[in-house]
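# Coordinate analysis (summary)
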Amino acid sequence: MAKRIDPNPGPAALPSREQIVAFIAASTETVGKREIAAAFNIKGADRIGLKRILKEIEADGAIARGRGGLAPSGRLPPVVLADITARDRNGEFLANPAEWDVGNGPAPRITVAAPRGAKRPGQPAAGIGDRVLLRVEASPAEPGRYTGRVIKTLGKNKSEIIGVYRAGPEGGRIIPVEKRAQGREIAIPAGEEGEARDGDLVSVVLQRESRFGLPQGRVRERLGALGSEKAVSLIALHLHHIPHVFAAATLAEADAAVPVGLAGREDWRDAPLLTIDPPDAKDHDDAVMAVPDPDPANAGGFVVTVAIADVAAYVRTGSALDREALMRGNSVYFPDRVVPMLPERISNDLCSLREAEDRPALAIRMVIGVDGVKRRHSVHRVMMRSRAKLSYAQAQGAIDGTPDAATAPLLEPALQPLWAAYAALRQARDARGPLALDLPERKVVLTVDGAVDRVVVPARLDAHRLIEEFMILANVAAAETLEQARQPLIYRVHDEPALEKMRALGEVLASIGIKLPKESALRPTLFNRILASVAETEHATFINEVVLRSQAQAVYAAQNLGHFGLNLRRYAHFTSPIRRYADLIVHRALIAACRLGNDGLSSEVTVAALDQIGEQISAAERRAMAAERETIDRLIAHHLADRVGATFTGQISGVTRSGLFIKLDETGADGFVPISTIGADYYRHDEAKHALVGERSGETHRLGDRVEVRLVEAAAVAGALRFELLSEGRARPDRGGGEAPRGRGPVRKPGAPGRPAGIRTGTRHRGSRR
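Residues numbered from 1 in each chain as written. Predicted model: local features only at pLDDT ≥ 70, side-chain atom pairs only at ≥ 80, totals over all residues. Heavy atoms only, no water.

### Focus: the nonpolar core
Counting residues in each nonpolar core, the largest one holds 90 residues, and the members touching the most others are Ile346, Leu415, Leu418, Phe470, Phe574 and Tyr581. In contact with phenylalanine 574, not counting residues within four places along its chain, are Ile308, Leu362, Ile364, Ala474, Asn475, Ala478, Asp583, Val586, His587 and Leu590. (Core = buried A, V, L, I, M, F, W, Y, C linked by side-chain atoms within 4.5 Å. Buried < 20%, exposed > 50% of the residue type's maximum accessible area, 1.4 Å probe, protein only. Contact = heavy atoms within 4.5 Å.)

### Side note on the pattern of salt bridges
Applying the stated criterion to the full structure yields 39 salt bridges. The shortest N-O distance in the salt bridge between arginine 359 and glutamate 357 comes to 2.8 Å. The exposure class of arginine 359 is buried, given its relative accessible area of 9%. Salt bridges here are not isolated pairs; linked through shared partners, they connect Arg265, Asp310, Arg316, Arg381 and Asp599. (Salt bridge = Lys/Arg side-chain N within 4 Å of Asp/Glu carboxyl O.)

### Re the packing of aromatic side chains
All told, the structure shown has 2 aromatic pairs when counted by the stated rule. Taking the centre distance of 6.1 Å and the plane angle of 85° together, the rings of phenylalanine 527 and phenylalanine 564 count as edge-to-face. In this pair, phenylalanine 527 sits in helix H12 (residues 524-533) while phenylalanine 564 sits in the loop between strand S25 (555-557) and helix H14 (581-593), placing the two residues 37 residues apart along the sequence. Using a relative accessible area of 9% as the deciding quantity, one classes phenylalanine 564 as buried. Note on phenylalanine 661 and phenylalanine 672: the rings are 4.9 Å apart at their centroids and 50° apart in plane angle, and the pair reads as tilted. (Phe/Tyr/Trp six-rings, centres within 6.5 Å; stacked < 30°, edge-to-face > 60°. Helix = DSSP H or I, 4+ residues; strand = E, 2+ residues; numbered from the N terminus.)

### Looking at helix H8 (residues 392-399)
For H8, every residue scored as buried is listed here: Tyr392, Ala395, Gln396, Gly397 and Ala398. In this structure, the buried side of H8 is in contact with strand S14 (274-277), strand S21 (388-391), helix H9 (411-432) and helix H10 (462-484).

### Focus on the sheet that holds strand S31 (residues 700-702)
Strand order across the open sheet formed by 3 strands is S29-S30-S31, with antiparallel pairing between neighbours. Only two strands of the sheet have a single partner each, and these edge strands are strand S29 (683-686) and S31. Here the average twist between neighbouring strands, direction ignored, is 20°. Note that strand S30 (residues 691-694) and S31 share 3 bridges and pair antiparallel. Paired with leucine 692 across the strands is histidine 701, a residue of S31. (Pairing = 2+ DSSP bridges. Axes fitted to C-alpha atoms, helices over the stretch in contact; angles between N-to-C directions.)

### Re the pairing of strand S28 (residues 670-674)
Across 5 bridges, strand S27 (residues 659-664) lies against S28 in antiparallel orientation. Counted as the bridge partner of leucine 660 is valine 673 from S28. Linking two consecutive strands that pair antiparallel, namely S27 and S28, is a turn of 5 residues; a positive phi of about 75° is found at glycine 668 within it.

### A closer look at the packing of H9 against H10
Where H9 meets H10, the axes come as close as 10 Å, and the angle between the chain directions of the two elements is 70°. For the element pair H9 / H10, the angle class is roughly perpendicular. The handedness of the crossing between H9 and H10 comes out as left-handed. Contact residues: Leu418, Trp419, Ala421, Tyr422, Leu425, Arg426 and Arg429 in H9; Asp462, Ala463, Arg465, Leu466, Glu468, Glu469, Phe470, Ile472 and Leu473 in H10. (Parallel < 35°, antiparallel > 145°, perpendicular 65-115°, else oblique. Left-handed = near helix turned anticlockwise from the far one by under 90°.)

### Here we look at the packing of H14 against helix H15 (residues 607-640)
Close contact between H14 and H15 brings their axes to 10 Å; oriented N to C, the two are set at 155°. By the angle between their directions, the pair H14 and H15 is classed as roughly antiparallel. Facing Tyr581, Ala582 and Ile585 of H14, the residues of H15 in contact are Leu610, Ile613 and Ile617. Among the residues making up the contact of H14 with H15, the classes are represented as 6 nonpolar, no polar and no charged. (Nonpolar A, V, L, I, M, F, W, Y, C, P; charged D, E, K, R; others polar.)

### Structural notes on unusual backbone geometry
With a phi angle near 60°, asparagine 41 is a residue other than glycine that sits in the positive phi range. Here asparagine 41 falls in the buried class, since its relative accessible area comes to 15%. Despite not being glycine, arginine 595 has its phi angle at roughly 55°, a positive value. By the secondary structure assignment, arginine 595 is in the loop between H14 and H15.

### Notes on a positive patch on the surface
On the surface, a cluster of positive charge is contributed by Lys33, Arg34, Arg47, Lys51 and Lys55. Contributing elements (two or more residues each) for the positive patch: helix H2 (33-39) and helix H3 (46-59). Ranked by the residues each element gives to the positive patch, the list is headed by H3, at 3 residues. Within the secondary structure layout, arginine 34 lies in helix H2. Judged by relative accessible area, arginine 34 falls into the exposed class, the value being 67%. (Patch = residues over 30% accessible without salt bridge, like charges linked within 9 Å, V, L, I, M, F, W, Y side chains within 5 Å. Areas by Shrake-Rupley, 256 points an atom, 1.4 Å probe, with all protein chains shown as cover. Lys, Arg positive; Asp, Glu negative; His and termini not counted. Charge placed at Lys NZ, Arg CZ, Asp CG, Glu CD.)

### Notes on H10
Across its 23 residues, H10 extends 33 Å between first and last C-alpha, which sits within 8% of the 33 Å expected from 1.5 Å per residue. For H10, the tally of buried residues reaches 19 of 23 residues, placing the bulk of the element in the interior. Where H10 ends, the next residue or the one after it, arginine 486, has phi of about 55°, a positive value. (Expected span 1.5 Å × (residues − 1).)

### Considerations on the confidence of the model for the protein chain
For the protein chain, mean pLDDT is 85; residues scoring 70 or higher make up 85% of the total. Here residues 1-11 is modelled with pLDDT under 50, and outside its nearest four sequence neighbours on either side it reaches 19 contacts, counting other chains as well. Across residues 735-768, confidence stays below pLDDT 50; counting only partners more than four residues off in sequence or on other chains, it has 102 contacts. (pLDDT = per-residue confidence, 0-100.)

### Overview of the environment of isoleucine 662
The topology assignment puts isoleucine 662 in strand S27. Residue class for isoleucine 662 comes out buried when judged on its relative accessible area of 0%. Spatially, the C-alpha atoms of isoleucine 662 and arginine 706 are 9.3 Å apart, while their sequence positions differ by 44 residues. The contacts of isoleucine 662, once residues within four sequence positions are left out, are Gly650, Gln651, Ile652, Ser653, Ala669, Asp670, Gly671, Val673, Val707, Val709 and Phe723.

### Looking at the environment of glycine 506
Residue placement: glycine 506 occurs in helix H11 (residues 499-511). Judged by relative accessible area, which is 17%, glycine 506 ranks as buried. Each C-alpha atom of the pair glycine 506 and proline 517 lies 8.8 Å from the other, and the pair is 11 residues apart in sequence.

### Considerations on the environment of isoleucine 675
Topologically, isoleucine 675 is positioned in the loop between S28 and S29. Each C-alpha atom, one on isoleucine 675 and one on leucine 692, is 8.6 Å from the other, the two residues being 17 residues apart in sequence. Isoleucine 675 has contacts with Arg657, Ser658, Gly659, Tyr683 and Leu692, leaving out every residue within four places of it along the chain.

Laid out in structure tokens, this is it:
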């Protein structure tokens, strides 16, 4: 802050207008009337005169008043409310001030610098679309440019809304796409629709809200046309500000890339490495093999090899490819499209471990004992050639006795040793006792024109588990190698559950008659015992979901907190650098630590810098998860829109004072039953029992209860479903007959009409977010 001005020990004269403006301009802290009075030693009645002078200066336009205090007109105050809107070519966030007088010219641009110091892993990071409080400094070299540091993230900018434009005779209306904004349409006056056409997805800025009538807005940008279900993912891309169009410099760099040669690499092209992936996979970033260990000292053991696409050979630090990969953080998977982290020239061509083609890889060779415990490992930079591209079902079929033309020649030399090594690893896994959640993973299957065909639960095969165990083993080996070399890295960390979440879990368990065991130290085995106790009951799926909700969020960080869910002391993501930036950092760290080339992680990269990257990509991961989940909701709502009036079975998955959340058995979709539509009683929310209880009848609807519902409304754009409850609740014990027994099916309310004729700790391989 500018120096305090203390003219004379006697009565203070009021400062001139020029002195006041100069003081405000020189200040590096928030300036208001109090700060000016203190600086010029103005006391008592003289403060009235100061107030008058400030009003005159402000009226003349020499200074402006904002939430960050006073500032010279055309300049930002030291603290400013701003909206993060984009990234620059270096991956830095760009922000605009939330308040700016257009009479002062274009609003200044603020480059948001990385925060100082380390944050605790899991602490939310600011992202595109967020409104933040910034401390800013003007750039001396570039007038109108500022650098800002985030003081506080305030959440999403509510003044900008994404919605679908519906044209009318005089202007139009916007139907917001977010669930919480459903029913709150926005009027677009004639002339404010911009280039929007009926049915377009648009970005709208609110202009005026009134206590009466609809709020009014202006179309800021036409985002695209929503002509079919296949375009539903477009909503999530824009709503979550997910970059989906590569910059020209990035594409040019990818197109100019040429295949790397054998120089500096071990020649592994004759090794029987296989890729095992989903049948529709286009990028293959991991290959595996196993052979019996010939060392007599390790009788019954195996040498397991995991080879991963060498993305670091093509994506160099600081390049356009690298900057955009960091900005995206990860690939995003929708039912109708994939938004890749890297251009197809890299992800689906040069780095994809294609069958019978030479490809560079970073490999970890691991020696395991007959008990599945790793004895030692080594890291290699190689040139490999995949022996075969198999699907999970193909590989499993060969082991189960039905090999095809591709797997029959591989059964004895390659597949059987893989399964034998997996049997040993499974022993080690069982002994370690990771969190054993059992949740069905639903997949939305689309028709060729993008409509929802069906929702399926793919079979869970040993082939999936085999690849998962091999990947976990390699991830642990990568983390151990880097720790031993004292090389900074980004860990995949999963903290133990918070105390308040454990209390909430205890309440839920108590509501179905299960007591949460008390233990001095939390271990995954505690949760596994709970899951085992309900495995054969109606509560199995529900309790698996509740246990999942009780877990902390897995994040990326430069400080190691271990991985609670996997029950591992150290863990890093190494196996998917094509689609996760964290893995690319780990690859570069291994190249540097093992002296495998000059394209490794720079020795100048600090732990603080890696922490910042970890925070950024953790936010990108959360963004992708939300976008994927919401897209599934919208697709299913669209699919069910023509089944309004139909009845479905499901389970109460949430209880609030506003009503019940229901998860349908058929599709796994979630919908809502408003409390005002439940029965003829007045229902109150019993938080301890996680139930709604009838004031007069005592009828109870409890978390986990099986129910039957009728679909009343399906809002496809928002992905929202509204149901009517058809099942009766549990009877109060003092009303005769006792409480309805657990395990009963849905009970239809009298007169109800008959039925008409996507941490879990992760079990999947592709896209797994352990």
